[in-house]
Amino acid sequence: MSKLVTIFGGSGFVGRYIARRMAKEGWRVRVACRRPELAGFVRPYGVVGQVEPILCNIRDDASVRAALHSADAVVNCVGTFDAKGKNNFSAVQTEGAERIARLAKAEGISRMVHISAIGADAEGESEYAQSKAGGEAAVLDHQPQAVILRPSVVFGPEDDFFNRFGKMARMGPVLPVAGGDTKFQPVYVDDVAQATVKGVLGQAAPGVYELGGPEVASFSELMHEMLRVIRRRRLVLNLPFWVAGLIASVSGIVSTITGGLVKGPLTSDQVKQLKVDNVVADDAKGLADLGITPTSMEAVLPEYLWAYRPSGQYAAIKESARNLKV
């Protein structure tokens, strides 16, 4: 019988790419997620019965243990940007990661890949960075041979980065950003999946890898590149951090008053994160050490950002028509 991998968060943005690649490797894939009834799209990644979504709550020992039963390897790619509520930073990114690693060890699973983030720092200013660092430490405590991947901002068709700002660019002449000078090194989602698979297959040495693409650019520069791809002219307005902090504070108050029903464009913790560059460290192991050539944004962004062009899917046709001679 083929080997089995349990992927926590396997129906999410990054997780689905990992699930697809693991299925292509011939493994059985167990996709552990909160809403398996909405994760049916992962089933066609393999033959009938090869990829199965199951219900799992990573805040519960019994639920995690059941998801790990009989697995040969485990991948944790669960993350959150919610600072409050039951599924907050600590509950998901620290305690959840610890629970998965601890119970995987109890089940005799020694091969684990944990997806963290560049900027994970126990002494960091943001709670997000602290919780990511706490999760890494907990994983290594129980799984010292684990492979830990720290991607920069991840891009791809289902991302919440370029898609989010592409939608905003359709709404007015100004595109406001906080931390416009902060550097990022966007990495393609399938490159992260490929790195994960190497960890599962034992083709990556244990340790921490920081994953970034071939381009390093400021937040503002990334927005200008996005606008170029979607054929829109907008003023990219770099908000001072004190203004961004004020907006985040007001948004937080509104969110609290409405019980979380209304969420603002920015949180106070995100403002703190945006004060720190999000790029691969000079001395860090990365994609090259895994034998992976990073994919450029230029090769991928036009494949899905066309939806935000003024003429959508017909933009290229209209541009060609203008060049026709009557």
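Scoring rules and cut-offs
- Residues numbered from 1 in each chain as written.
- Predicted model: local features only at pLDDT ≥ 70, side-chain atom pairs only at ≥ 80, totals over all residues.
- Heavy atoms only, no water.
- Helix = DSSP H or I, 4+ residues; strand = E, 2+ residues; numbered from the N terminus.
- Buried < 20%, exposed > 50% of the residue type's maximum accessible area, 1.4 Å probe, protein only.
- Contact = heavy atoms within 4.5 Å.
- Areas by Shrake-Rupley, 256 points an atom, 1.4 Å probe, with all protein chains shown as cover.
- Core = buried A, V, L, I, M, F, W, Y, C linked by side-chain atoms within 4.5 Å.
- Expected span 1.5 Å × (residues − 1).
- Phe/Tyr/Trp six-rings, centres within 6.5 Å; stacked < 30°, edge-to-face > 60°.
- Salt bridge = Lys/Arg side-chain N within 4 Å of Asp/Glu carboxyl O.
- Pairing = 2+ DSSP bridges.
- Axes fitted to C-alpha atoms, helices over the stretch in contact; angles between N-to-C directions.
- Parallel < 35°, antiparallel > 145°, perpendicular 65-115°, else oblique.
- Left-handed = near helix turned anticlockwise from the far one by under 90°.
- Nonpolar A, V, L, I, M, F, W, Y, C, P; charged D, E, K, R; others polar.

Visitor: Tell me what's going on with the overall build of the chain, and back it up with residues and numbers.
Guide: Looking only at helices and strands, the chain features 11 helices and 13 strands. Dimensions of the chain, computed from the C-alpha atoms along their principal axes, are close to 65 × 50 × 40 Å. Relative to its 326 residues, the chain shows a buried fraction of 49%. The contacts of the chain with a sequence gap of at least 6 include a subset with a gap of at least 24, amounting to 77%. Within the structure as shown, the chain displays about 15900 Å² of accessible surface, and the carbon and sulfur contribution to it stands at 54%.

Visitor: Quick rundown of the nonpolar core? Include the residues and the values.
Guide: Ranked by internal contacts, the top residues of the largest apolar core, which has 68 residues, are Ile-18, Val-29, Phe-162, Leu-211, Met-223, Met-226 and Leu-305. With residues up to four places along the chain from it excluded, the contact list for Ile-18 reads Ile-7, Val-75, Cys-77, Ile-115, Ala-193 and Thr-196. Listed in part, the 20 residues of the second largest apolar core include Leu-68, Val-74, Ala-97 and Ile-109.

Visitor: I'd like to hear about helix α4 (residues 127–142), residue by residue, with values.
Guide: A rise of 1.5 Å per residue sets the reference length of α4, with its 16 residues, at 22 Å; its end C-alpha atoms lie 23 Å apart and thus fit the reference within 8%. Within the span of α4, buried status applies to Tyr-128, Ala-129, Ser-131, Lys-132, Ala-133, Gly-135, Glu-136, Ala-138, Val-139 and His-142.

Visitor: So, helix α7 (residues 219–229): which residues are in play, and what are the values?
Guide: Given 3.6 residues per turn, any residue in an α-helix points the same way as the ones three and four places further on. Every buried residue belonging to α7 is among Phe-219, Ser-220, Leu-222, Met-223, Met-226, Leu-227 and Val-229, and all of these are buried. Where α7 is buried, its residues meet α5 (162–169), β8 (174–178), β9 (183–184), β12 (217–218), β13 (235–239) and α10 (301–305).

Visitor: Lay out the side chain of Ser-218 in plain terms, naming residues and giving numbers.
Guide: Mapped onto the fold, Ser-218 is located in strand β12. When its relative accessible area of 7% is taken as the criterion, Ser-218 is described as buried. Those residues in contact with Ser-218 that lie beyond four places of it in its chain are Gly-180, Asp-181, Thr-182 and Lys-183.

Visitor: Could you give me a rundown of the packing of aromatic side chains, with the residues and numbers involved?
Guide: Both the distance between ring centres and the angle between the ring planes are used here to describe each pair of aromatic rings. For the coordinates displayed, the defined rule picks out 11 aromatic pairs. Between Phe-89 and Tyr-128, the ring centres sit 5.7 Å apart and the planes meet at 80°, which makes this aromatic pair edge-to-face. With Phe-89 in helix α3 (residues 89–106) and Tyr-128 in helix α4, this residue pair connects regions lying 39 residues apart in the sequence. In terms of burial, Phe-89 and Tyr-128 fall into one category: buried.

Visitor: I'd love a proper account of the pattern of salt bridges, names of residues and values included.
Guide: A complete count under the given rule lists 9 salt bridges for this structure. The shortest N-O distance in the salt bridge between Asp-61 and Arg-102 comes to 3.1 Å. With Asp-61 in helix α2 (residues 61–68) and Arg-102 in helix α3, this residue pair connects regions lying 41 residues apart in the sequence. Notably, a salt bridge pairs Glu-136 with Arg-150, separated by 2.7 Å at the nearest N-O pair. Here Glu-136 is found in helix α4, whereas its partner Arg-150 is found in strand β6 (residues 147–151), with 14 residues between them in sequence. The structure contains a network of salt bridges with shared partners spanning Asp-61, Glu-98, Arg-99 and Arg-102.

Visitor: Requested: an account of the sheet that holds strand β11 (residues 207–211), with residues and values cited.
Guide: Reading across from one edge, β3-β2-β1-β4-β5-β6-β11 is the order of the 7 strands in this open sheet, with parallel pairing throughout. Edge positions in the open sheet fall to β3 (51–55) and β11, since each of these has one partner strand only. The sheet shows a mean angle of 20° between the axes of neighbouring strands, taken without regard to direction. Of the pairings in the sheet, the one linking strand β5 (residues 112–115) to β6 comprises 3 bridges and is parallel in character. Following the sheet pairing, Val-113 is matched in β6 by Val-147. In this fold α2 packs onto β1 (4–8), β2 (28–33), β3 and β4 (73–76), with an angle of close to 145° to the strand it touches most, β1. Packed onto the sheet, α3 meets β1, β4 and β5 and runs at close to 175° relative to β4.

Visitor: Please set out unusual backbone geometry residue by residue, giving values where relevant.
Guide: In the Ramachandran plot, Ser-70 falls in the positive-phi region, its phi being about 70° despite a non-glycine side chain. Looking at where Ser-70 falls in the secondary structure, it is placed in the loop between α2 and β4. You will see that Arg-231, though not glycine, has its phi angle at about 60°, which is positive.

Visitor: Residue-level account of the packing of helix α1 (residues 13–24) against helix α6 (residues 189–200), with values.
Guide: For the pair α1 and α6, the least separation of the axes is 8 Å and the interaxial angle reads 55°. Considering their axes alone, α1 and α6 lie oblique with respect to each other. Between α1 and α6 the crossing geometry is right-handed. Of the residues in α6, those in contact with Phe-13, Val-14, Tyr-17, Ile-18, Arg-21 and Met-22 of α1 are Val-189, Asp-190, Val-192, Ala-193, Gln-194, Thr-196, Val-197 and Val-200. Among the residues making up the contact of α1 with α6, the classes are represented as 10 nonpolar, 2 polar and 2 charged.

Visitor: Can you tell me about the packing of α5 against α7, naming the residues and giving the values?
Guide: Running from amino to carboxyl end, α5 crosses α7 at an angle of 65°, the nearest separation of the two axes being 10 Å. The orientation of α5 relative to α7 falls into the category roughly perpendicular. Crossing of α5 over α7 shows right-handed handedness. For the pair formed by α5 and α7, the contact residues are Phe-162, Phe-165, Gly-166 and Ala-169 on the first element and Phe-219, Leu-222, Met-223, Met-226 and Leu-227 on the second. Grouping the constituent residues of the contact of α5 with α7 by class yields 8 nonpolar, 1 polar and no charged.

So far we have only geometry, and geometry alone does not tell us how the molecule works.
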